[in-house]
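Spelled out, the chains give:
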Amino acid sequence: MSIPEQIDQGANAADRRVLVFDTTLRDGEQSPGIALNTAEKLEIAQQLARLGVDVIEAGFPITSPGDFEAVQTIAREVSDPAPPIIAGLARTHVADIDAAWEAVRDAERPRIHTFISTSDIHIVHQLQTTREDVKGQARAAVAHAKRYLEDVEFSPMDATRSEVEFTAEVVKIAIEEGATTINIPDTVGYAMPHEFQAFLARLYELVPELRDVTLSVHCHDDLGLAVANSFAGVLAGARQVECAVNGIGERAGNASLEEIVMLLRTRRADVGGLDTGVNSRELARTSRLVSRLTGYPVQPNKAIVGRNAFAHESGIHQDGVLKERSTYEIMDATTVGLESNSIVLGKHSGRHALHDALAEMGFEVDGQALNTAFKRFKEIADKKKAVTAMDLEALMSDELRGEIPGYTLEWFEVEASSRRPPHARVAVRLPEGELAEGSFTGDGPIDAVLAAINTAVGMHPKLSDFKIGAVTEGQDALGEVSVVVEIEGRSGSGQAVSTDIIEAAARAYVRALSVARARTLEPRDAAGLPATAP
Ligand SMILES: [Zn+2]
């Protein structure tokens, strides 16, 4: 049977639009070492809206005051160019659903996403309850959420390791109570595509009412099959795919948003016209932003958004592509927004040119923010021949993010030599306003600066991650540094860009300290984080 024939037999045959449900900020943020603050999450959410995703799962509001605040801020502020649905995750507990509602209620299009496991492995060992109780909790949770809003999504967690008949019973209950989206998660990344497709087909047989709601899939990449399983789900009738930018997420991650989008776009004619509403030209930029803010680099050979995804190394391939692109390219790099360096500014560019270039990229910057951006731009333009869209992107995510109250680097000096250990001195403005100085002799210039900062602030945090990269190619490229530190078990991340890599490291480090410190001041949730989520 060909794929179009399969689709025509699928439950939602007539509907060829696949909704993109982005969970970068919820499942993606559960990756170890990722610690985004509200301003960073908002920046990513705004870019997701520009990308044109249908749903943004902004977080899991009950888990911490920080998560709640981030979801609420996104719900209130993200509406441009079109308001996406903003979803908050909740277990079946009343308090979870209440928190999710409070967090999303100000969105133009709010959604509550509630879940409970249907696999016996989870029911017996994790929930330590019975199947009957799971059914009761699912019913009560959806009914409770429906008192607040129309748009309710329900997930039977670990569905692919559950008995399909029992999953069907629970799904039926959720639909009876008014769930408008049913999401089937392959929580542990165990399914195979043909098996997943058969599971969903059987579910449609057992629950004919599924045709009246949106079927969704949520696949993990533990066996490298997240995108393949998501695609199998779409062929079986799913019209929402849950995915994350760069495929980040729990363990091996989620289905990669850019891969599922470009799979459907590139093979659209062969998959019966199935497609998403995503503006693919924003994919590369979204990928870079998520990579920069999470500190998770994208592997060079990553499909769609990797640095080498469109590079041709072999002579035969290069020869072919030069003669005719389609010889070895199935997609055009410009359709995913790579090589889109149309914006180039120089040291003579004025405030107006910077304003227009930023506006073209979707940043509306005026007044004091424009002055700040212009000052940084000038510093960079003086050292670099050409400032491109990619440099501006890095600068924007560095400079114009809402300042986190905490420490500020005032100045630093470092002496580096191959003949004696490097020595650094720094001055840091403390949260209380006073200036503290510190000095240190370290193994290398960056090590010395970071240790001098520790001396100044009187803390010795654990440095859990430190990465240096270049924003663009070339000797005069901007350097970018991302840092994750841990204080009293609370982690904080910071990023900074500069033509001077030591300065970038020092500023990123001070930011990470500020974020981690702010987190140590938050009240701790006595119940702790839920162990897992779909
Ligand atoms: Zn997940």
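Details of the structure are given in the entry above.
Only a predicted model underlies this, so the values are computations on that prediction, with no experimental measurement involved.

Colleague: I would appreciate a short explanation of helix H9 (residues 226-236) in the present structure.
Modeller: Because an α-helix packs 3.6 residues into every turn, residues spaced three or four apart end up facing the same way. Extensive coverage of H9 is indicated by the burial of 10 of its 11 residues. Turning to H9, its buried residues number three or more, namely Ala226, Val227, Asn229, Ser230, Phe231, Ala232, Gly233, Val234, Leu235 and Ala236. On the buried face of H9, the contacting elements are helix H1 (3-9), strand E6 (181-186), helix H8 (193-206), strand E7 (214-219), strand E8 (240-243) and helix H10 (257-266). Where H9 terminates, the next one or two residues include Gly237, which has phi positive at roughly 125 degrees.

Colleague: Whenever I open this one, the sheet that holds strand E4 (residues 110-117) confuses me. Can you help?
Modeller: By definition, the strands of a sheet pair up through backbone hydrogen bonds, in either a parallel or an antiparallel sense. Strand order in the closed barrel made by the eight strands is E1-E2-E3-E4-E5-E6-E7-E8, with parallel pairing throughout. Averaged over all neighbouring strand pairs, the angle between strand axes comes to 25 degrees, with direction disregarded. Bridge analysis of E6 against E7 gives six bridges, and the strand direction is parallel. Each residue of the ladder has a partner; that of Thr181, found in E7, is Thr214.

Colleague: Explain the coordination of the zinc ion here, please?
Modeller: Taken together, the protein donors to the zinc ion comprise Asp27 (OD), His218 (NE2), His220 (NE2) and Pro534 (O), at separations of 1.9 to 2.3 Å. Coordination at the zinc ion is irregular, judged from the four donor atoms that bind it and the angles of 77 to 142 degrees they form at the metal.

Colleague: What exactly am I supposed to notice about the packing of aromatic side chains here?
Modeller: Centre distance and the angle of the planes are the two values used to describe a pair of aromatic rings. Per the stated rule, a full pass over the model turns up three aromatic pairs. In this structure, Arg131 packs its charged tip against the face of Phe166, placed 4.6 Å from the ring centre.

Colleague: I keep staring at empty space enclosed by the protein and nothing clicks. Help me out?
Modeller: Where empty space is left in the structure can be found by rolling a water-sized probe over the atoms. Under the defined criterion, the tally for this structure stands at one cavity of 30 Å³ or more. What the largest cavity holds in volume is close to 30 Å³. Around the largest cavity sit Thr294, Gly295, Asp465, Ser482, Val483, Val484, Ser493 and Gln495, which together line it. Looking at the lining of the largest cavity, the elements that each hand over two or more residues are strand E15 (479-487) and strand E16 (490-498). Tallying contributions element by element places E15 first for the lining of the largest cavity, with three residues. Partitioned by chemical class, the residues of the lining of the largest cavity number two nonpolar, five polar and one charged.

Rules and cut-offs
Residues numbered from 1 in each chain as written. Predicted model: local features only at pLDDT ≥ 70, side-chain atom pairs only at ≥ 80, totals over all residues. Heavy atoms only, no water. Buried < 20%, exposed > 50% of the residue type's maximum accessible area, 1.4 Å probe, protein only. Helix = DSSP H or I, 4+ residues; strand = E, 2+ residues; numbered from the N terminus. Contact = heavy atoms within 4.5 Å. Pairing = 2+ DSSP bridges. Axes fitted to C-alpha atoms, helices over the stretch in contact; angles between N-to-C directions. Donors = N, O, S within 2.8 Å, 3.2 Å for Na, K, Ca; no water. Tetrahedral: all angles 85-135°; square planar, octahedral: opposite > 155°, others 65-115°. Phe/Tyr/Trp six-rings, centres within 6.5 Å; stacked < 30°, edge-to-face > 60°. Lys NZ or Arg CZ within 6 Å of the ring centre and 35° of its normal. 1 Å grid on protein atoms, 1.4 Å probe; cavity = no way out; pocket = protein on both sides within 12 Å on 5 of 7 lines; lining within 4 Å. Points joined across faces, edges and corners; volume = space filled by probe spheres on them. Nonpolar A, V, L, I, M, F, W, Y, C, P; charged D, E, K, R; others polar.

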